[in-house]
Each structure stands twice: as C-alpha cells, then as structure tokens.
Amino acid sequence: MKTLVIVRHGESEWNRKNLFTGWVDVDLSEKGKAEAHQAGKALLCENFDFDICFTSYLKRAIHTQQIILEEMDREWLPVIKAWQLNERHYGALQGLNKADTAAKYGEEQVHVWRRSFDVRPPELEANSPYNARLQAPYRDVPVSEVPLCESLSDTIRRTVPYFEEHIKPLILSDKRVFIAAHGNSLRSLVKYFEHLSDEEIIKVEIPTGKPLVYKFDEAFQVVEKYYL
C-alpha cells in the first residue's frame with residue numbers, strides 16, 4: 001500500500017486570539033509548538049519514516065513540520081514549499097476577531113463565510129498590509145494567481161491540481177510523503193481522497209497537530225485512514 005501522512009499545523013498565535021488568519025504569516029503559539037513535538041513523538045513511536053516532505057509558504061506549517069522532523073531525527077529530509085498548499089484566503093476578514101465580526105455582521109453571515117463551500121468573504125483591499133501580492137514570498141507568482149479572498153471551492157482549485165501534478169506521482173512510485181499544511185488546504189485534499197460531496201466536506205474538521213495517515217491502493221483509492 002501507498003502511505004501519506006498529513007498534519008494540520010499546531011495552534012497559531014492568531015488561533016489562540018480567535019482571529020481570522022488566512023494567508024497572514026503568523027507563528028505557532030507555545031501550545032502549537034507542544035502539539036508539533038507531540039506529533040513528532042507519535043510518528044517516531046509508530047516507526048513512521050518519510051522520503052520527501054511538502055509544506056506551504058506559511059511559517060506556522062513550516063515550523064510544525066520542522067519540529068516534527070526534529071523529533072524524528074529526520075531534519076535532513078528534502079522539504080518542498082508550495083504556496084498552493086497555503087490556507088484558504090479569508091480576504092478582508094483577516095486580522096479580525098471572529099466574535100467581534102459575528103457581532104458586527106451577524107453570526108449567520110459569518111457562519112456562511114467560514115463554512116460554506118463556494119461563498120467568498122469580502123475581498124481584501126489592494127493596499128492592505130496583508131496583501132500577499134505585495135510580499136516577497138509571492139514575488140515570482142503571477143499576480144492573477146495570488147487571491148484577495150477565497151471560498152473553499154477556490155482553495156480546492158489550486159490545492160488539488162498541485163497535488164495531482166507534484167505529489168501524487170511520488171506516492172504512486174512508493175515514496176513516503178509527509179504534508180504539513182492548513183485546515184482548509186488539507187480539507188481540500190481530504191475531499192479529493194475520499195470523494196466527498198460539497199455538502200459532506202463542509203462538516204469535516206481537522207484538528208491541529210494530529211497526524212492523519214492515509215493508505216492507498218494501486219488505483220489511489222483509500223483503503224485505510226486513521227489519526228495517530
């Protein structure tokens with residue numbers, strides 16, 4: 001069987017403060033670092049090993065993976081960073097407190113922005129300091145591909161094609177792959193792996209810092225799935 005391990009980054013500082021984060025590059029909280037250490041210990045205890053690793057451009061995922069690899073004594077493994085594995089872009093909501101936003105716009109509207117499949121939040125202003133089009137990590141990415149807001153559907157349209165082109169062939173060639181990414185980019189992949197409907201994926205929640213193991217057959221169908 002083919003093996004893939006995915007993990008959502010540990011709690012970030014903005015997770016802790018209940019802020020919309022999206023593409024804003026905030027780091028792990030102390031709890032998040034502890035979650036990553038525990039994930040690494042769990043993978044080591046179960047004798048997991050990897051050949052290649054993937055993560056996003058955002059330091060909360062990068063640092064989660066680094067801590068896990070440190071615990072496994074696998075810091076030498078190759079790591080490929082891809083912006084396509086970034087979190088969903090929350091547009092103008094980024095940096096806002098979730099409770100305050102619900103008080104301002106109504107809980108129902110915020111729930112639609114957060115949990116619907118194809119409804120985008122308000123677009124980020126072009127002159128916002130959170131605009132990734134103005135930031136160094138994305139200087140070589142075509143401007144048209146750097147979003148100002150995204151729905152989950154938009155996130156899937158960048159995450160799944162990247163996976164199919166760059167990661168799936170490695171898994172099918174028996175490489176053991178480890179992806180550290182984000183709640184929505186990983187939900188995009190889970191929908192793809194498990195052939196979930198648009199309605200089903202809305203109900204899926206991926207916990208922070210808990211490795212999720214997938215086993216695939218030769219036809220890339222899921223035969224086993226479990227959390228460590």
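Since this is a predicted model, take the numbers as computed values, not measurements.

Student: Break down the layout of surface pockets for me, citing the residues and quoting the values.
Tutor: There is about 380 Å³ of room inside the largest pocket. Counting only elements with at least two residues in the lining of the largest pocket, the list comes to helix H1 (13-16), helix H5 (107-115) and helix H7 (183-194). The element best represented in the lining of the largest pocket is H7, accounting for three residues. Here the lining of the largest pocket is composed, by residue class, of four nonpolar, eight polar and eight charged. As a volume, the second largest pocket reaches approximately 300 Å³. What lines the second largest pocket is a set of 19 residues, and nearest its centre among them are Trp83, Ser144, Glu145, Glu150 and Arg158. Partitioning the lining of the second largest pocket into residue classes produces seven nonpolar, three polar and nine charged.

Student: So, the side chain of glutamate 87: which residues are in play, and what are the values?
Tutor: Mapping glutamate 87 onto the fold places it in the loop between strand S3 (79-81) and helix H4 (98-105). Look past the residues within four positions of glutamate 87 in its chain and what remains in contact with it is Gly22, Trp23, Leu58, Arg60, Glu150, Arg158, His182, Gly183, Asn184 and Ser185.

Student: Report on the packing of aromatic side chains, specifying residues and quantitative values.
Tutor: Under the definition given, this model contains 17 aromatic pairs. Here tryptophan 23 and tyrosine 138 contribute two aromatic rings whose centre-to-centre distance is 5.1 Å and whose plane-to-plane angle is 25 degrees, an arrangement assigned as stacked. You can see tryptophan 23 sitting in the loop between H1 and helix H2 (30-45) and its partner tyrosine 138 sitting in the loop between H5 and helix H6 (152-172), a full 115 residues away along the chain. An identical accessibility class is assigned to tryptophan 23 and tyrosine 138; each is buried. Here the aromatic rings of phenylalanine 193 and phenylalanine 216 are separated by 5.3 Å at their centres, their planes lie at 75 degrees, and the arrangement is edge-to-face. With phenylalanine 193 in helix H7 and phenylalanine 216 in strand S5 (residues 212-216), the pair connects residues that are 23 residues apart, well separated along the chain.

Student: Give a description of the pattern of salt bridges that names residues and reports values.
Tutor: Applying the stated criterion to the full structure yields 13 salt bridges. Glutamate 218 serves as the salt-bridge partner of lysine 2, at 3.3 Å between the closest nitrogen and oxygen. Of this pair, lysine 2 sits in strand S1 (residues 2-8) while glutamate 218 sits in the loop between S5 and strand S6 (222-227), and the two are 216 residues apart along the sequence. Two residues, lysine 191 and aspartate 198, come together in a salt bridge whose shortest N-O distance is 3.1 Å. Among the residues examined, lysine 191 registers a relative accessible area of 16% and is labelled buried. A network of salt bridges, in which partner residues are shared, links Lys2, Asp174 and Glu218.

Cut-off values and rules
Residues numbered from 1 in each chain as written. Predicted model: local features only at pLDDT ≥ 70, side-chain atom pairs only at ≥ 80, totals over all residues. Heavy atoms only, no water. 1 Å grid on protein atoms, 1.4 Å probe; cavity = no way out; pocket = protein on both sides within 12 Å on 5 of 7 lines; lining within 4 Å. Points joined across faces, edges and corners; volume = space filled by probe spheres on them. Helix = DSSP H or I, 4+ residues; strand = E, 2+ residues; numbered from the N terminus. Nonpolar A, V, L, I, M, F, W, Y, C, P; charged D, E, K, R; others polar. Contact = heavy atoms within 4.5 Å. Phe/Tyr/Trp six-rings, centres within 6.5 Å; stacked < 30°, edge-to-face > 60°. Buried < 20%, exposed > 50% of the residue type's maximum accessible area, 1.4 Å probe, protein only. Salt bridge = Lys/Arg side-chain N within 4 Å of Asp/Glu carboxyl O.

From the geometry alone we can't say anything about function, so treat these as descriptive.
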